[in-house]
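Residue-level listing of the chains:
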Amino acid sequence: MGIIMILLLVASIVLIVIATSVFKLHPFIALIFAALFVGLGASALGQFDVMAVEATIRSGFGGILAYIGIVIVLGTIIGVFLEKSGAAIKMADTILKIVGPKRPGLAMSIIGWFVSIPVFCDSGYVILSALRKSVTKKAKVSATMMSVALATGLYASHTLVPPTPGPIAAAGNLGLEDSLGLVILVGIFVSIFTMIAGFIWAKFIGKKVKIQEDYDNEAFFANGLEVEEELIEQKYGKLPSTFMAFATILIPILLIALGTIASFPGDLMGAGFIANLFKFFGKPVMALLVGFFFSLGLAPKLDEEVLMKWIGEGIKIAGPIILITGAGGAFGAIIKATPVAAYLGASMSNWSVGILVPFFIAAALKTAQGSSTTALVTTSALMAPLLGSLGLDSTMGSVLTVMSIGSGAMTVSHANDSYFWVIAEFTGMDVKTAYKSMTMATLIQGIVGIVVVFILSLFLL
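Residues numbered from 1 in each chain as written. Predicted model: local features only at pLDDT ≥ 70, side-chain atom pairs only at ≥ 80, totals over all residues. Heavy atoms only, no water.

**With respect to the overall build of the protein**
Looking only at helices and strands, the protein features 20 helices and 0 strands. A burial count over the protein gives 58% of its 461 residues as buried. (Helix = DSSP H or I, 4+ residues; strand = E, 2+ residues; numbered from the N terminus. Buried < 20%, exposed > 50% of the residue type's maximum accessible area, 1.4 Å probe, protein only.)

**Describing the side chain of Ser-142**
Topologically, Ser-142 is positioned in the loop between α6 (121–139) and α7 (143–158). There is a polar contact of 3.2 Å between the side chain of Ser-142 and the backbone nitrogen of Thr-144. Filtering out sequence-adjacent residues up to four positions away, Ser-142 remains in contact with Thr-136, Gly-206 and Asp-214. (Polar contact = N/O pair within 3.5 Å; in protein donor to acceptor, adjacent residues only side chain to side chain. Contact = heavy atoms within 4.5 Å.)

**Some words on the pattern of salt bridges**
One pass over the structure, following the stated rule, counts 4 salt bridges. A salt bridge links Lys-309 to Glu-305; the nearest nitrogen and oxygen atoms lie 3.8 Å apart. Of this pair, Lys-309 and Glu-305 both sit in helix α14 (residues 304–337), 4 residues apart, which is roughly one turn of that helix. The exposed category is assigned to Lys-309, whose relative accessible area is 52%. Relative accessible area serves as the criterion here: at 38%, Glu-305 is assigned to the partly exposed category. Put simply, Lys-366 and Asp-417 hold a salt bridge, and the shortest N to O gap is 2.8 Å. (Salt bridge = Lys/Arg side-chain N within 4 Å of Asp/Glu carboxyl O.)

**Focus: the side chain of Ser-157**
Along the polypeptide, Ser-157 turns up in helix α7. According to the relative accessible area criterion, Ser-157 is buried, its value standing at 0%. Side-chain polar atoms of Ser-157 contact the backbone oxygen of Trp-113, separated by 2.8 Å. Once you skip the residues sitting within four places of it in the chain, Ser-157 turns out to touch Gly-112, Trp-113, Ser-116, Ile-117, Thr-164 and Ser-191.

**Comments concerning helix α4 (residues 87–99)**
Here α4 is 13 residues long and its end C-alpha atoms lie 18 Å apart, about the 18 Å a rise of 1.5 Å per residue gives. Among all positions in α4, only Ala-87, Ala-88, Ile-89, Met-91, Ala-92, Thr-94, Ile-95, Leu-96 and Val-99 are buried. Residue Gly-100 follows α4 closely and has a positive phi angle near 100°. (Expected span 1.5 Å × (residues − 1).)

**Considering the nonpolar core**
Phe-81, Ile-111, Leu-131, Phe-331 and Tyr-419 are the most contacted members of the largest nonpolar core, which totals 139 residues. It is helix α3 (residues 53–85) that contributes the most residues to this core, 13 residues altogether. With residues near it in sequence (within four places) discarded, Phe-81 still touches Ser-295, Leu-296, Leu-298, Ala-299, Val-306, Trp-310 and Ile-311. (Core = buried A, V, L, I, M, F, W, Y, C linked by side-chain atoms within 4.5 Å.)

**Some points on the environment of Val-186**
Relative to the assigned elements, Val-186 resides in helix α9 (residues 180–208). Overall, Val-186 belongs to the buried group, its relative accessible area being 10%. Expressed as a C-alpha distance, the spacing of Val-186 and Val-402, which sit 216 residues apart in the sequence, is 9.8 Å.

**Brief notes about unusual backbone geometry**
The residue after Thr-411, namely Val-412, is reached through a cis peptide bond having omega 0°. For Lys-24, which is not glycine, the phi torsion reads 60° and is therefore positive.

**Some points on the packing of helix α8 (residues 165–173) against helix α17 (residues 372–383)**
Contact pair α8 / α17: the axes reach a minimum separation of 8 Å and the direction vectors enclose 5°. Put simply, α8 runs roughly parallel to α17. Here α8 contributes Gly-166, Pro-167, Ala-169, Ala-170 and Asn-173 to the contact with α17, which in turn contributes Thr-373, Leu-376, Val-377, Ser-380 and Ala-381. (Axes fitted to C-alpha atoms, helices over the stretch in contact; angles between N-to-C directions. Parallel < 35°, antiparallel > 145°, perpendicular 65-115°, else oblique.)

**A closer look at a nonpolar patch on the surface**
Residues Leu-15, Leu-25, Ile-29, Phe-33, Leu-36, Phe-37, Leu-40, Val-50 and Met-51 make up a contiguous nonpolar surface patch of roughly 780 Å² in combined accessible area. Broken down by element, the nonpolar patch gets its largest block of residues, 5 residues, from helix α2 (residues 27–44). Structurally, Leu-40 is set in helix α2. (Patch = residues over 30% accessible without salt bridge, like charges linked within 9 Å, V, L, I, M, F, W, Y side chains within 5 Å. Areas by Shrake-Rupley, 256 points an atom, 1.4 Å probe, with all protein chains shown as cover.)

**Let's talk about the packing of helix α16 (residues 356–369) against helix α18 (residues 395–408)**
Two numbers describe how α16 lies on α18: the axes approach to 7 Å, and their chain directions differ by 30°. As summarised for this structure, α16 and α18 are arranged roughly parallel, according to the angle between their axes. As α16 packs across α18, the resulting crossing turns out to be right-handed. Residues Pro-358, Phe-359, Ala-362, Ala-363 and Lys-366 of α16 touch α18, and the partners they reach there are Thr-401, Ser-404, Ile-405, Ser-407 and Gly-408. Of the residues contributing to the contact of α16 with α18, the split by class is 5 nonpolar, 4 polar and 1 charged. (Left-handed = near helix turned anticlockwise from the far one by under 90°. Nonpolar A, V, L, I, M, F, W, Y, C, P; charged D, E, K, R; others polar.)

**Observations concerning the confidence of the model for the protein**
Taken over all residues, the pLDDT of the protein has a mean of 83, while the share at 70 or more is 90%. The lowest-confidence element of the protein is helix α10 (residues 212–236), averaging 60 in pLDDT; the highest-confidence one is α18, averaging 95. (pLDDT = per-residue confidence, 0-100.)

**Concerning the packing of aromatic side chains**
Scanning all chains against the criterion turns up 15 aromatic pairs. Seen in terms of ring centroids, Phe-114 and Phe-246 are 5.7 Å apart; in terms of plane orientation they differ by 90°. Their pairing is edge-to-face. With Phe-114 in helix α5 (residues 104–115) and Phe-246 in helix α11 (residues 242–262), this residue pair connects regions lying 132 residues apart in the sequence. Feature note: the residues Phe-81, Phe-292, Phe-293 and Trp-310 constitute an aromatic cluster, connected by ring pairs. (Phe/Tyr/Trp six-rings, centres within 6.5 Å; stacked < 30°, edge-to-face > 60°.)

**A look at the environment of Asp-178**
Within the secondary structure, Asp-178 is located in the loop between α8 and α9. The class of Asp-178 is exposed, set by a relative accessible area of 54%. Spatially, the C-alpha atom of Asp-178 lies 7.9 Å from that of Pro-284, the residues being 106 residues apart in sequence.

**Looking at the environment of Ile-321**
Looking at the secondary structure, you find Ile-321 in helix α14. Of the residues examined, Ile-321 reaches a relative accessible area of 8% and is grouped as buried. Each C-alpha atom of the pair Ile-321 and Ala-169 lies 8.9 Å from the other, and the pair is 152 residues apart in sequence. Residues contacting Ile-321, with those up to four places away along its chain left out, are Ile-72, Thr-76, Phe-120, Pro-165 and Thr-373.

The structure is reproduced here in structure tokens:
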């Protein structure tokens, strides 16, 4: 019976992959039907009460959103404000000044890494594209190198560092909603290595491959530079201050980190008013509400355009993510309620590299259907009931599981991923060049990510 239950689970994953990648079915419906498939299959085998299937799906859907739904909405709203106010450009300018004109590729990687923490990497690449072109011309460096450096910098934090919705949803599925500060700290550490790996690859491939922009820069440097800088100024006007641009991201992260420290056993901050204050504002919802109020200061004026349309756009972006996250919670609840988790856990109990399991599942899902967020949500929902069997049921074990899933969700970006086409379109790469430069970069980033996670597991688990 155990083998049949495991095959049932494998079949549900195949169902998700085929439905989303072949038939282009929305991941929300695919996950709900997968949950129903496992529940009814277990019922047919006499392993689950058929009358409990619907209730389990509902409770799983609502349970995960009770923890993480508001956080996802606030995070996406903050991202919209950063994009539309030009704050992302201001952050980029500041980092360029710090890193220096002699290291433009590294500057692009760092800029991408910062911007993608609250802003989706697709949007981040679009809004930073004009800036990248200007810096490329100004520094007289490879456009291929700069394009890949920015793309991989954005990608590095996209799947690993909250408050990006994917990592938040994965943390929620694994019961880490009260330990997001730790997820952020470990995510920052791991993502720095994936960012560096992407930058090194960008430097390498920039010497091997030229795109049309490289030839254009050689011929039209003087004229082109002025046009690009004028476009940035015309689009955004006066940019927000450096403090306001960075505060919108860094203050919520700092509050969550301090809240996590205040909640550590042993009362490191004492048990008085200050500790309780940090615990209160360190809750993800409260921290991101503070970030939202800071983001209001980025807008040129608080009129209907800002208060209705900007916020409305953030809510619109968050909607599908929330639905996918809830459906992932439903899928995970069914897996947890049926004996399939126990059977699969027993079969894996002798594995000495359990931290690699979520990586391979997430990588298979990402490669097959293209969405990093779907890979993060689905894999985390699948892994939640298996943590104990794999020896990952501690807080740090769960955090490293999120990192393992995030590394898998990087591997790889290719033609079924919208980000792949955004990069190709905004850099003028043909498909062959995009595969050679960007797809290979994401493969390297994913492998570096899981290697770092595995090394951390040797010391922390």
